[in-house]
Amino acid sequence: MAAAIAFELMGTIHAKASGGLTVLRPTCIMLCSYLISVTFLSFALDKSAQKEHGGIDLGIAYATWSGLGTIVAAMAGVYLYGETLITTQWLGILLTMTGLVIIN
């Protein structure tokens, strides 16, 4: 699951750098990263591959994958691209984190 989130974040960061899919290198990295991310997500869901744990439930896996991806992407935007977050956006991040703790 951690690898799925890491590759999803890499794809999202490169989506911004791709210039609307006009810059070749970040576009290719973005597409490959998203493909790898979904592949790792499917591994996390696979009950046969995780005999002792039985795989992660779909709702929990998707909420964790997308929620953590959203939080980390927002932080990456601040630190890599100089974006700013207003108070309500910080509140949204806090609520997302709270939701992830509750659902897991």
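The shown structure was predicted, so the numbers you read here are calculated from the model rather than taken from an experiment. (Residues numbered from 1 in each chain as written. Predicted model: local features only at pLDDT ≥ 70, side-chain atom pairs only at ≥ 80, totals over all residues. Heavy atoms only, no water.)

A negative phi angle characterises most non-glycine residues, just as the trans form characterises most peptide bonds. Phi is positive for Leu21, close to 65°, though the residue is something other than glycine. Locating Leu21 in the fold gives a position in the loop between α1 (2-17) and α2 (24-45). (Helix = DSSP H or I, 4+ residues; strand = E, 2+ residues; numbered from the N terminus.)

Our focus in this paragraph is the packing of α2 against helix α3 (residues 58-81). Interaxial distance between α2 and α3 falls to 10 Å at its minimum, and their mutual angle equals 145°. Crossing of α2 over α3 shows right-handed handedness. When α2 is examined against α3, the residues Ser37, Val38, Leu41 and Leu45 are found in contact with a partner set consisting of Leu58, Ala61 and Trp65. Partitioned by chemical class, the residues of the contact of α2 with α3 number six nonpolar, one polar and no charged. (Axes fitted to C-alpha atoms, helices over the stretch in contact; angles between N-to-C directions. Left-handed = near helix turned anticlockwise from the far one by under 90°. Contact = heavy atoms within 4.5 Å. Nonpolar A, V, L, I, M, F, W, Y, C, P; charged D, E, K, R; others polar.)

Quick look at the packing of aromatic side chains now. The full count for this structure, using the stated rule, is three aromatic pairs. Aromatic pair Phe7 and Phe40: ring centres 5.9 Å apart, planes at 15°, arrangement stacked. Taken together, the residues span a long stretch of sequence, with Phe7 in helix α1 and Phe40 in helix α2 at a distance of 33 residues. According to the relative accessible area criterion, Phe7 is partly exposed, its value standing at 24%. Summarising the aromatic geometry, the rings of Phe40 and Phe43 are spaced 6.0 Å apart at their centres and angled 85° between planes, so their arrangement reads as edge-to-face. Linking Phe40 with Phe43, this pair stays in helix α2, spanning three residues, or about one helical turn. When its relative accessible area of 31% is taken as the criterion, Phe40 is described as partly exposed. Among the aromatic residues, those joined into a ring-pair cluster are Phe7, Phe40 and Phe43. (Phe/Tyr/Trp six-rings, centres within 6.5 Å; stacked < 30°, edge-to-face > 60°. Buried < 20%, exposed > 50% of the residue type's maximum accessible area, 1.4 Å probe, protein only.)

On to the side chain of Glu8. Position of Glu8 relative to the elements: it lies in helix α1. As a buried residue without a salt bridge, Glu8 has its nearest oppositely charged side chain in Lys16, at a separation of 15 Å. Other than its neighbours up to four places away in sequence, Glu8 contacts Tyr34, Ser37, Trp65 and Gly69. (Lys, Arg positive; Asp, Glu negative; His and termini not counted. Salt bridge = Lys/Arg side-chain N within 4 Å of Asp/Glu carboxyl O.)

A word on the side chain of Thr64. Mapped onto the elements of the fold, Thr64 is located in helix α3. Given the relative accessible area of 11%, Thr64 is considered buried. Not counting residues within four places of it along the chain, the set of residues in contact with Thr64 comprises Met1, Ile5, Gly69, Leu100 and Asn104.

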